[in-house]
Amino acid sequence: MPLHGLLITSSISMVVMRLSSTSTTTLGSHLYGHFDMHIKMVAGDSAGTVTAFYLSSNGNEHDEVDFEFLGNRTGEPYILQTNVFTGGEGNREQRIYLWFDPTAAYHTYSILWNSYHVTFFVDNIPIRIFKNSRKLGLKFPFEQPMKLYSRGGLEKTDWSKAPFIAKYRGFHIDACEASVNAKFCETQGRRWWDQKEYQDLDAYQYRRLMWVLRKFTIYNYCKDKARFPVMPRECKIDRDA
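On a predicted model such as this, the values are computed, not experimentally measured, just so you know.

Undergrad: Describe unusual backbone geometry, listing the residues and the values that go with them.
TA: Among all residues except glycine, the phi angle is most often negative; among peptide bonds, the trans geometry is most common. Phi angles above zero are rare outside glycine, and Asn 91 is one such case at about 60 degrees. Relative to the assigned elements, Asn 91 resides in the loop between strand S6 (79-85) and strand S7 (94-97). Positive phi, normally seen in glycine, also occurs at Asp 123, with a value near 50 degrees. Within the element layout of this structure, Asp 123 appears in the loop between strand S9 (117-122) and strand S10 (125-131). What makes Asp 123 partly exposed here is its relative accessible area of 30%.

Undergrad: How would you explain the UniProt feature "active site" (unreviewed entry) in the protein if you had to name every residue and give the values?
TA: Under the local residue numbering, the UniProt record ascribes the feature "active site" (unreviewed entry) to Glu 64 and Glu 68. Take Glu 64: it is sitting in strand S5 (residues 64-70). Those residues in contact with Glu 64 that sit more than four places away from it in its chain are Tyr 54, Leu 55, Ser 56, Asn 83, Val 84, Phe 85 and Met 146. Along the chain, Glu 68 falls in strand S5.

Undergrad: Describe the packing of aromatic side chains, with residues and values.
TA: A full pass over the atoms with the stated rule returns 15 aromatic pairs. Look at Phe 130 and Phe 140: their rings are 6.3 Å apart centre to centre, the planes differ by 5 degrees, and that puts the pair in the stacked class. Within this pair, whereas Phe 130 is found in strand S10, its partner Phe 140 is found in the loop between S10 and strand S11 (147-154), the two being separated by 10 residues in sequence. Exposure remark for Phe 130: the relative accessible area of 2% places this residue in the buried category. In this structure Phe 140 comes out as buried when scored by relative accessible area, which is 4%. Each ring, one from Tyr 221 and one from Phe 228, has its centre 6.0 Å from the other, and the planes form 80 degrees; the classification is edge-to-face. Looking at Tyr 221, the relative accessible area reads 2%, which means it is buried. The structure contains a cluster of three or more aromatic residues connected by ring pairs, namely Phe 53, Phe 67, Phe 69, Tyr 109 and Phe 120. A cation over an aromatic ring shows up here: Arg 95 above the ring of Tyr 219, its NZ or CZ 4.7 Å from the ring centre.

What counts, and where the lines are drawn
- Residue positions within a chain follow its written sequence, with the count starting from 1.
- Only residues with pLDDT of at least 70 get local features here, since the model is predicted, and only at 80 or more are side-chain atom pairs given and counted; chain-wide, interface and lining totals rely on the full set of residues.
- The side-chain quantities take in all heavy atoms of the structure and omit both hydrogens and water.
- Note on conventions: DSSP H or I runs of at least 4 residues are helices, E runs of at least 2 residues are strands, and numbering of each starts at the N terminus.
- We call a residue buried when its accessible area falls under 20% of the maximum for its residue type, exposed when it is over 50%, and partly exposed in between, using a 1.4 Å probe and counting protein chains only.
- UniProt positions are given in the numbering used here, feature names are shortened, and annotations may be inferred rather than shown by experiment.
- It only takes one pair of heavy atoms within 4.5 Å for two residues to be counted as in contact.
- Ring geometry is summarised as follows: Phe, Tyr and Trp rings, the Trp one being its six-membered ring, pair when their centres sit within 6.5 Å, and such pairs are stacked at plane angles under 30 degrees, edge-to-face over 60 and tilted between the two.
- Criterion for a charge above a ring: Lys NZ or Arg CZ within 6 Å of the ring centre, and within 35 degrees of the ring normal.

Set out below in structure tokens:
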């Protein structure tokens, strides 16, 4: 299918239901692109709630790129967890404290996905980059189109604090729309997010990334020697490892 941008703007209030979850998804599948979601998180005592925004393919060996927002006790910072699945394998979690109150206003959470890297942004500040390491024999989200999902769920929660509401105020997709069986984007290299200047972060973006990693990172799987006595190979080439 030809490459084109898809713009969808919507207003959604998502109530996280007891012992269940609510979710929305886009109809089309996409192979590379830029994805924005504008979210205001659950306010107050939100411990046990999970609000997610992610890309995922179909099948057992699926690819997935996750934003997961882990609620917390009143007054404590929200935790943002990111993860990347390739070929059905995840365990690549990183967690940061957000440097603002995500319940007070809408903030923009973005994913840039091209053939060189997957990068997570918060209000245009990069918080993580996952590079294409196929030259090392490692899998990368490369040949499986993915859909955009948003989801809310509960773990152990104090129901006296209900209702738990996360608000979505529109999302924007500028991506290659493709069938679920597509193996490549027919106009690869012609969109802004696939140009040379987007093959890596620029110097300013890396400084912002390092700021986030130094001040707000609370967990990085690349540094977890208990889980990974041998550092995962992709961590050796990522500058955020």
